[in-house]
Amino acid sequence: MGKPWRKVIISRREFLGGALAGVGALAASCAPTQPAGPQAPAVQGRPTELHVLRWSSFVAEMDKLIDTQMQEWGKKNNVNVKVEHINANDIPARLAAAVQAKAGPDIVQFWDGWPWIYEDSLVDVSKEVEELIKKLNGVYQDFEAYCKVNGVWRAFPYSYTSNTFIYRTDYFKEAGVAVPKTWDEFIEAGKKLKAYGKPIGQALGHSFGDPPTFWYPWLWAWGGKEVLEDGKTVAIESDATLLAVEKAVELFDTGLIEGVLSWDDSSNNRAYLAEQISCTLNGASIYFVAKRDYPKLAEVSDHFVHPRGPAGTFSYQLDWSVGIMAYSKNIQAAKDLIVHILQPEQYSAWLQSGRGYETGPYRYYDNDPVWRTDPKILPFRDVVTNGTARWPGWPGPPTAKATQVRNNYIIVDLFAKACSREFKPREAIKWAAGQLQQIYGRS
């Protein structure tokens, strides 16, 4: 079973803290040639202060570097840049309070559909984003869906925390399992791996990243969807959704480890590092910790992208954007700072400080030097470049209501309630339809 459990019960941030020492030198040596085009404009009016609110990344080195980059820009432009990092789950409360008070951070980091929620409180940054898109060879469709609200860019696409499946190559081989290309093959692989004693681990609890990023693509791949293209008409009650739920119950019964109904975003990290599971969907954190602390485990670990279902191949990546609050007194300075940090000189170094933990939303960064550092991290890029990423509310837009559905874990609970036997599959779907109607049915 590998290392004793007590040695791996640590937080994700602790997982990665200190793991990336010395990466600054790598970033400096590998910086790409920047594309031709204008640099970030000079600050107009020389305001004295900008307050930036960001999440506390699971990679401490990335936070340190972005803080340094912003503060160095501030010194050159006579702007005092204050960068504050808090838990991602705490940002909504801070943001709501700032919007109500019309005072607070000038720049806020968002994820997923938050720009839709705060449309009226965000500055129009269309000119700056369009210039970046042109300079950096385009942006991926899920970022346009999230950040371009009713035809207006309300936030700058910033980064993906992309997820792929990490798996034990030795367990797969010994169990007679190949990397699955379809979800049916994934289910069959789970049966063999569980019989072998190394099941798959996949969270079904209420947690920030892993449950939604697995179960939304699962729903879409079997042909299910929460609403139609209009983003209003609830469409969860369908034969395709029933198939998705029945297949989920099969996977739960025959392929998953016990206890996943209460798993959070760190549970699969612990289980994989403790050698209790053979495969799980996750960001790059498990692999990096294995390289640092369990090199023999890293040697027998690799990654693969999402399998396909009857309706196609889909993924759901955590998308980070940055917006400028309309109450800010330093809007031009805020625009200039964001444009500056998204330039290749700064942004490429930041990507390399995470060694693939974050992925660029602009196509220019598809070939960033970070992707030449380790072939095993390439799936974290490929799951973005293969164009499979969608968003809560798809095939409609990522509206505020779709974001509320996501934040209430209705899609995750649809599967959890069936897998736990709280409801039969059809009953779980009817429950989910009722929950969705309460949200989408309101004006």
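Counting restarts for each chain: residues are numbered from 1 in the order of the written sequence. Two thresholds apply to this predicted model, a pLDDT of at least 70 for residue-level local features and 80 or more for giving and counting side-chain atom pairs, whereas whole-chain, interface and lining totals are computed over all residues. The side-chain quantities take in all heavy atoms of the structure and omit both hydrogens and water.

## Observations concerning the overall build of the chain
Secondary structure elements follow DSSP: runs of H or I of four or more residues count as helices, runs of E of two or more count as strands, with numbering from the N terminus. Looking only at helices and strands, the chain has 20 helices and 12 strands in total. We call a residue buried when its accessible area falls under 20% of the maximum for its residue type, exposed when it is over 50%, and partly exposed in between, using a 1.4 Å probe and counting protein chains only. A burial count over the chain gives 61% of its 443 residues as buried. Only the protein chains shown count as cover for residues, and all accessible areas are computed by the Shrake-Rupley method using a 1.4 Å probe. Accessible surface, the chain: about 16900 Å² in total, of which carbon and sulfur atoms supply 50%.

## Focus: the pairing of strand E2 (residues 80-86)
Strand pairing follows a simple DSSP-based rule, namely that at least 2 bridges must link the two strands. As defined by bridge partners, strand E1 (residues 49-55) adjoins E2 across seven bridges and the pair is classed as parallel. Across the sheet, Leu50 pairs through a bridge with Val81, a residue of E2. Assessed by its sense of winding, the connection that carries the chain from E1 through helix H3 (residues 60-76) to E2 is right-handed. We call a crossover right-handed when, viewed with both strands directed away from the observer, the connection leading from the first strand over the helix to the second proceeds clockwise.

## Overview of the sheet that holds strand E9 (residues 301-304)
Two modes of strand pairing occur in sheets, parallel and antiparallel, and in both the strands are linked by backbone hydrogen bonds. Across the sheet, which stays open at both edges, the three strands sit in the order E8-E7-E9 with antiparallel pairing between neighbours. In this open sheet, the two edge strands, each paired with only one partner strand, are strand E8 (279-282) and E9. Each neighbouring strand pair of the sheet contributes to a mean axis angle of 30°, computed without reference to strand direction. Both strand E7 (residues 164-168) and E9 contribute to a ladder of four bridges, which runs antiparallel. By the bridge assignment, Ile166 is partnered in E9 with His303. Packing of helix H13 (residues 285-293) onto the sheet brings it into contact with E7, E8 and E9, and relative to E8 it is tilted by some 115°. Orientation is described by axes fitted as lines to C-alpha atoms, over the contacting stretch for helices, and by angles from 0 to 180 degrees between their N-to-C directions. By definition, residues are in contact when any of their heavy atoms lie within 4.5 Å.

## Structural notes on the packing of aromatic side chains
Side-chain rings of Phe, Tyr and Trp, where Trp is taken by its six-membered ring, are said to pair if the distance between their centres is within 6.5 Å; with planes under 30 degrees apart they count as stacked, over 60 as edge-to-face, and otherwise as tilted. Applying the stated criterion to the full structure yields 35 aromatic pairs. Centroid distance Phe314 to Trp394: 5.1 Å. Interplanar angle 50°. Geometry classified as tilted. You can see Phe314 sitting in the loop between strand E11 (312-313) and strand E12 (318-324) and its partner Trp394 sitting in the loop between helix H17 (378-385) and helix H18 (400-407), a full 80 residues away along the chain. We classify Phe314 as buried; its relative accessible area is 6%. An aromatic cluster is present here, built from Phe165, Tyr167, Phe172, Trp183, Phe186, Phe214, Trp215, Trp218, Trp222, Phe304 and Phe415 joined pairwise through their rings.

## Observations regarding the sheet that holds strand E3 (residues 107-111)
One open sheet accounts for five strands, arranged E2-E1-E3-E12-E6; its pairing is mixed. One side of each edge strand has no neighbouring strand; the edge strands of this open sheet are E2 and strand E6 (156-161). Strand-to-strand twist of the sheet, defined as the mean angle between neighbouring strand axes without regard to direction, takes the value 25°. Where helix H15 (residues 331-341) meets the sheet, its contacts fall on E1, E2, E3, E6 and E12, and the angle it forms with E12 comes to roughly 145°.

## Considerations on the pattern of salt bridges
The salt bridge definition used is simple: a Lys or Arg side-chain nitrogen within 4 Å of an Asp or Glu carboxyl oxygen. All chains considered together, the criterion is met by 18 salt bridges. Residues Glu237 and Lys430 are paired through a salt bridge, measuring 3.5 Å at the closest nitrogen-oxygen approach. Of this pair, Glu237 sits in the loop between helix H10 (210-221) and helix H11 (239-254) while Lys430 sits in helix H20 (residues 425-440), and the two are 193 residues apart along the sequence. A salt bridge links Asp293 to Arg292; its shortest N-O distance comes to 2.7 Å.

## Overview of unusual backbone geometry
Of note, the bond from Trp394 into Pro395 is cis; its omega dihedral lies within 30 degrees of zero at 15°. Inspection of the secondary structure assignment puts Pro395 in the loop between H17 and H18. Residues other than glycine seldom take positive phi values, yet Asn150 does so here, at roughly 50°.

## Observations regarding the nonpolar core
Side-chain atoms within 4.5 Å are what join buried Ala, Val, Leu, Ile, Met, Phe, Trp, Tyr and Cys residues into a set we call a nonpolar core. Among the nonpolar cores identified, the biggest contains 140 residues, and Phe156, Trp218 and Phe415 are the most heavily contacted of them. The residues touching Phe415, leaving out its near neighbours within four places in the chain, are Leu204, Trp215, Trp218, Leu219, Ala244, Val245 and Ala248.

## Some points on the packing of H3 against helix H16 (residues 344-354)
Interaxial distance between H3 and H16 falls to 8 Å at its minimum, and their mutual angle equals 160°. The pairing of H3 with H16 is recorded here as roughly antiparallel in orientation. Here H3 runs over H16; the crossing is right-handed. Where H3 abuts H16, its residues Glu61, Met62, Leu65, Ile66 and Gln69 lie against Gln346, Ala349, Trp350, Leu351, Ser353 and Gly354. Residues of the contact of H3 with H16, tallied by class, amount to six nonpolar, four polar and one charged. Relative orientations are named as follows: roughly parallel for angles under 35 degrees, roughly antiparallel for angles over 145 degrees, roughly perpendicular for angles from 65 to 115 degrees, and oblique for any other angle. Working rule for handedness: look at the near helix, and if it is turned counterclockwise from the far one by less than a right angle, call the crossing left-handed; if clockwise, right-handed. Residue classes follow a fixed rule: Ala, Val, Leu, Ile, Met, Phe, Trp, Tyr, Cys and Pro count as nonpolar, while Asp, Glu, Lys and Arg count as charged, and any other residue, Gly among them, counts as polar.

## Describing helix H4 (residues 91-101)
Taken as a whole, H4 has its buried residues at Ile91, Leu95 and Ala98. Down the axis of H4, the buried set is contained in an arc of 65°. They therefore lie on one face. Among the exposed residues of H4, those oriented more than 90 degrees off its buried face are Ala93, Gln100 and Ala101. Contacts from the buried residues of H4 go to E1, E2, E3 and helix H5 (114-117). Working note: the arc is built from the helix axis to C-beta atom directions.

## A word on the environment of Gly283
Within the secondary structure, Gly283 is located in the loop between E8 and H13. Contact partners of Gly283, with chain neighbours within four places excluded, come to Ser162, Asn163 and Phe380.

## Some details on H3
An expected span of 1.5 Å times one less than the residue number is assigned to each helix. Helix length check: H3, at 17 residues, gives a terminal C-alpha distance of 25 Å against a target of 24 Å (1.5 Å per residue), a fit within 8%. Among the residues trailing H3, Asn78 stands out with phi positive, at a value near 60°.

## Quick look at the environment of Pro425
On the secondary structure map, Pro425 appears in helix H20. For the pair Pro425 and Leu414, spaced 11 residues apart in sequence, the C-alpha separation works out to 8.6 Å.

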